Amino acid sequence: MTHDQIDRMVRRANPLPDLNALEPVDASVLTTPLERRMDMQIDDRPTEVKTDRNRWSGPLIGIAAAAVILVAGLVLFLTRDNTPVAEPAPNATPISALNFDDALAPGAYFVDTDGDEASSLRGTFVIEGSGWTSVDAGARKTSAESFVALLVVEVDQVWSSVCESTAPVAAGTTAADLANQFASNGLTVREALAPVNAFGHNGYHLVGEVPAGCGGEVKPAWTRAPVDERWYDPTEMVEYWFLDVEGTPVMIEASWAPGTSPEEDVAELNAVLDTLVITP
Amino acid sequence: MTTVDMARKARFEAIWAEHSVKVRAYCMRRVASHDADDVAAEIFLVVWRRIDEIPPAPKTLLYIYGIAGKVVSNHTRSFRRRSRLDEKLRNLGVAPPVDPAFLVVQSSDDVDVAAAVRNLRPKDREIVMLYAWDDLPRDDIATIMGMTRSAVDQRIHRSYQRLARALAPLIKPIPSPPVAEEGAT
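In this report, the structure presented in the accompanying data block is examined.

What counts, and where the lines are drawn
Residues numbered from 1 in each chain as written. Chains lettered and ligands numbered in written order. Predicted model: local features only at pLDDT ≥ 70, side-chain atom pairs only at ≥ 80, totals over all residues. Heavy atoms only, no water. Core = buried A, V, L, I, M, F, W, Y, C linked by side-chain atoms within 4.5 Å. Buried < 20%, exposed > 50% of the residue type's maximum accessible area, 1.4 Å probe, protein only. Helix = DSSP H or I, 4+ residues; strand = E, 2+ residues; numbered from the N terminus. Contact = heavy atoms within 4.5 Å. Polar contact = N/O pair within 3.5 Å; in protein donor to acceptor, adjacent residues only side chain to side chain. Salt bridge = Lys/Arg side-chain N within 4 Å of Asp/Glu carboxyl O.

To continue, consider the nonpolar core. Counting 59 residues, the largest nonpolar core has Val10 of chain A together with Ile43, Val47, Tyr160 and Leu163 of chain B as its most contacted members. Those elements giving two or more residues to this core turn out to be helix H1 (3–12) of chain A together with helix H1 (3–28), helix H2 (33–49), helix H3 (60–91), helix H4 (108–118), helix H5 (122–133), helix H6 (138–145) and helix H7 (149–167) of chain B. By residue number, the principal contributor to this core is H3 of chain B, which donates nine residues. With sequence-adjacent residues up to four places away left out, Tyr160 of chain B is seen in contact with His3, Ile6, Asp7 and Val10 of chain A together with Val128, Tyr131 and Ala132 of chain B. Among the nonpolar cores identified, the runner-up in size contains 51 residues, and Val162, Val210, Tyr232 and Val266 of chain A belong to it.

This part takes up the side chain of Asp134 of chain B. Residue and element names in this part refer to chain B. With respect to the secondary-structure elements, Asp134 resides in the loop between H5 and H6. Within the structure, Asp134 has its side chain in polar contact with the side chain of Arg29 (distance 2.7 Å). Within the structure, the side chain of Asp134 is placed 2.5 Å from the side chain of Arg30, a separation counted as a polar contact.

Okay, the pattern of salt bridges next. Tallied over the entire structure, the rule returns 20 salt bridges over all chains. The salt bridge involving Arg12 of chain A is made with Asp110 of chain B; its shortest N-O contact spans 3.3 Å. A residue pair is termed interchain when its members come from two chains, as with Arg12 of chain A in helix H1 and Asp110 of chain B in helix H4. A relative accessible area of 52% places Arg12 of chain A in the exposed class. One salt bridge in this structure joins Arg29 of chain B and Asp134 of chain B, with 2.7 Å as the shortest N-O distance. Taken as a pair, Arg29 of chain B in the loop between H1 and H2 and Asp134 of chain B in the loop between H5 and H6 lie far apart in primary sequence, 105 residues in all. As far as burial versus exposure is concerned, Arg29 of chain B and Asp134 of chain B are alike and both buried. Through salt bridges with shared partners, one network takes in Glu191 and Glu239 of chain A together with Arg162 and Arg165 of chain B.

Encoded structure:
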């Protein structure tokens, strides 16, 4: 299905496609509650003090309601975030220059996916929020009981199952081969393998959930030269893009823990993904 | 009422006259229509409180959409709580009220597409709705969402890919045209 086809379908499903179909705003519907509340805000006449105790309840409830509305309005604006996401800067810091779990200050970072400084292939991303730390091939943010993480790698070896003890095999040499290996390694598929164009490159997309225990312990899933083994946590959700970057298969892995990763952290992870640029 | 208050009220009324239909439409596309007017009123209540900070045209509506996003999000959280109550009512054999917002949708396919849009992640959903339903330019969406234009492009691209996967079963193959038999006149 093409972008244009989807666009037409989404636009056709607009519940209110034509503003003219909307009857003129009925002032009595909108203005009555509004003006009543406006009066509460702008009426600064001194209130006559009543001696009857029971007569306090009405104004007190009104004042309390006004206070609640004011606080709610204040919260709405204090939580508004208009800070634009920075474009990836040319002077990005190499993740490889940092130690594992170093704090990442807001700024641009890159992962040299093959560890070869002579090649230009890299994934550059921007961290905006606080609490992010470096890992060998990306960044993560951990909270008391959970995490979100982004990795950009050229996979070296894969295990045929995340649930069984097997010997690792060489990773596929094309994005398609690599994608097929991950689509059949025992993860519970949440979004089936599908071709995509993402981050400027063609490839494949997959979302899988790590089984809760596999009847034993979850085994490693893949390695990246020269050292790392990637172990998943049970019930971890992993979103993959397997990209063909001018002939080199590059895997982008975004992961989080459904139900325990704070929504704000998952939103930050998506914001980091928005800035990710894969340079051939 | 002081002269300043009168000026503020006049500005508010001008904003209302110019944008209330669009704001009401924004609400009707996102919440049940029986709640849309209340949510729209809530948005304009915030506009009134912030009247001195509302930027002049052409940024006025974008600023109001920013407010609207927060108010609708807050309403949706309340709605989810109410939905759980609806679920309990259903279990007791009491039907909750139908969401009239869907009654204006014309076909079952459109209902499925609208449902798929509503199932997108919250920020992605808002971007797709602003783009495809509120028909805003991508630069304006970037301003409202506090993102770069390229981030908005990426989100729309990725969301449409998700929708394509979700909606693939809806696509009916186009029947091949009949092939004329050789020698037929």
